[in-house]
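Geometric and topological summary
Chain by chain, the residues:
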Amino acid sequence: EARGETYIPPEYHVDRIKNDETKSATATKSEMNATQSSKDGQRAKRKADEVTKTVTTSCSNAVLEIAMKLQSDLETIESNKTTNAKERRRAKKKAQAVASEESKCTVEELMELAAAAKANATSSAKKSAEKKEKRDPYILFIGQLAYTTTKQMLFEHFETKINNDVDNIASSKGKPVTTESLQIRLLTDKKTKKSKGMAFLEVSNPELMYQCLSLHRTAIDGRRINVERSAGGGKSSEARKTKIASYRKEQTDYMSSTVDKILAEYREKGELEADELDEGVISLCKRHSAATIESSLAEYVEARGNQMDNPSAYLTHIIGRIATNADEYDNAGSAAGKEKKKTHTNKRPRTET
């Protein structure tokens, strides 16, 4: 008071602090309540949206099912040739009326919905097929190559054999083998850069893949090559081993069915009797290329009029001779293959493992 200041007792400060704390606590509690109310509101809104979405989806699915059923019913009615045109029109109108009543939509809306659903399904199937093709490319393993066989020689082997095929020449699709549709990776030693006698082929479509597989056991540069589907992946992978086994079985079945078709054609033309060849020689046929069997059968049929004590043994002899000539002369009459066969005695890996 002597300094001119107002004296304030200690109790005043205590009461003021308590009042401030009470106000602060009240405000904090109000904010918390407001925050909680906001969260509860958002949660309730999300739940309501989910319910609405579920109901909407269910309704949409129900309408879509009605639209698809209507389209199917209309197609069935139209294809029913046991009824006349008037009966079909009456049946269509009845189906349309029922669908419209159930869906609360016009017939035009239902047909548009069905058409859109069908287009989406087709598009999805196409995308799925494209993804599968990218995920599982058409890759072939080539084994038993001569060390002197180059990438260009291997390409020309497939190009000549496939593009000159009678069916491909007659087709309007053009030549199947091009540098874009068939790509080759020749395996070489990292240090010497020399060929390892193996290669990988990547082709653009399954049709070309099977045409390449038909050249299994054909001759190039003095050697009969192995052509098999490749599985990819690590060497010790069980999935890879299983896939290779599956591919080999598939290829064996394919080659077997090809030989069966060739023999069936000869029987249909009357050039072979039903039981003329035994199972042993038929099994031998299925271990050689289709080209070798075609040439062997042509020669066999030409000599068939002569006396044959054992037709199966005679055909076996022809197959062995033609296959040997193919190995030595590359199916082109060149003696170079024979000389290379003498000098290249190193063993090659016969198949992909």
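No experiment lies behind these values; they were computed from the predicted model shown.

This part is about the side chain of His157. Take His157: it is sitting in helix α4 (residues 151-163). Judged by relative accessible area, which is 8%, His157 ranks as buried.

The next subject is helix α6 (residues 206-213). Each α-helix turn comprises 3.6 residues. Residues three or four places apart therefore point the same way. Turning to α6, its buried residues are Leu208, Met209, Cys212 and Leu213. Within α6, the buried residues cover an arc of 145° as seen down the axis, which keeps them to one side. Looking at the buried side of α6, the elements it contacts are β1 (138-143), α4, β2 (182-188), β3 (195-203), β6 (226-229) and α7 (238-268). A side-chain oxygen of the first residue of α6 lies 3.2 Å from the backbone nitrogen of Glu207; this N-cap is Asn205.

Moving on: a positive patch on the surface. Judged by side-chain charge, Lys86, Arg89, Arg90 and Lys93 come together as a positively charged surface patch. Within the element layout of this structure, Arg89 appears in helix α2 (residues 85-103).

What follows covers unusual backbone geometry. At Gln144, a position not held by glycine, the phi torsion is positive, near 70°. Checked against the element boundaries, Gln144 lands in the loop between β1 and α4. The buried category is assigned to Gln144, whose relative accessible area is 9%. Phi angles above zero are rare outside glycine, and Lys193 is one such case at about 65°. With respect to the helices, strands and loops of the structure, Lys193 is situated in the loop between β2 and β3.

For the chain, the average pLDDT comes to 78, and 70% of its residues sit at 70 or higher. Every residue in residues 331-351 is under pLDDT 50, and counting partners more than four places away or in other chains gives 36 contacts.

Running from N to C, α7 and helix α9 (residues 290-302) point in directions that differ by 20°, and their axes come no closer than 10 Å. Classified by the angle between their axes, α7 and α9 sit roughly parallel to one another. Every pair of crossing elements has a handedness; the one defined by α7 and α9 is right-handed. Contact with α7, carried on its side by Thr258, Ile262, Leu263 and Tyr266, involves Ala290, Glu294, Leu297, Ala298 and Val301 of α9 and no other residues of that element. Across the contact of α7 with α9, the residue classes break down as seven nonpolar, one polar and one charged.

The subject of this paragraph is the packing of aromatic side chains. A complete count under the given rule lists two aromatic pairs for this structure. Note on Tyr300 and Tyr314: the rings are 6.3 Å apart at their centroids and 45° apart in plane angle, and the pair reads as tilted. Taken together, the residues span a long stretch of sequence, with Tyr300 in helix α9 and Tyr314 in helix α10 (residues 311-329) at a distance of 14 residues. The exposure class of Tyr300 is buried, given its relative accessible area of 0%. By relative accessible area, which is 31% here, Tyr314 ends up partly exposed. Seen from the ring of Tyr266, Lys269 lies directly overhead, with NZ or CZ sitting 4.8 Å from the centre.

Criteria and cut-off values
- Residues numbered from 1 in each chain as written.
- Predicted model: local features only at pLDDT ≥ 70, side-chain atom pairs only at ≥ 80, totals over all residues.
- Heavy atoms only, no water.
- Helix = DSSP H or I, 4+ residues; strand = E, 2+ residues; numbered from the N terminus.
- Buried < 20%, exposed > 50% of the residue type's maximum accessible area, 1.4 Å probe, protein only.
- Arc of directions from axis to C-beta.
- Contact = heavy atoms within 4.5 Å.
- Polar contact = N/O pair within 3.5 Å; in protein donor to acceptor, adjacent residues only side chain to side chain.
- Patch = residues over 30% accessible without salt bridge, like charges linked within 9 Å, V, L, I, M, F, W, Y side chains within 5 Å.
- Areas by Shrake-Rupley, 256 points an atom, 1.4 Å probe, with all protein chains shown as cover.
- Salt bridge = Lys/Arg side-chain N within 4 Å of Asp/Glu carboxyl O.
- Lys, Arg positive; Asp, Glu negative; His and termini not counted.
- Charge placed at Lys NZ, Arg CZ, Asp CG, Glu CD.
- pLDDT = per-residue confidence, 0-100.
- Axes fitted to C-alpha atoms, helices over the stretch in contact; angles between N-to-C directions.
- Parallel < 35°, antiparallel > 145°, perpendicular 65-115°, else oblique.
- Left-handed = near helix turned anticlockwise from the far one by under 90°.
- Nonpolar A, V, L, I, M, F, W, Y, C, P; charged D, E, K, R; others polar.
- Phe/Tyr/Trp six-rings, centres within 6.5 Å; stacked < 30°, edge-to-face > 60°.
- Lys NZ or Arg CZ within 6 Å of the ring centre and 35° of its normal.

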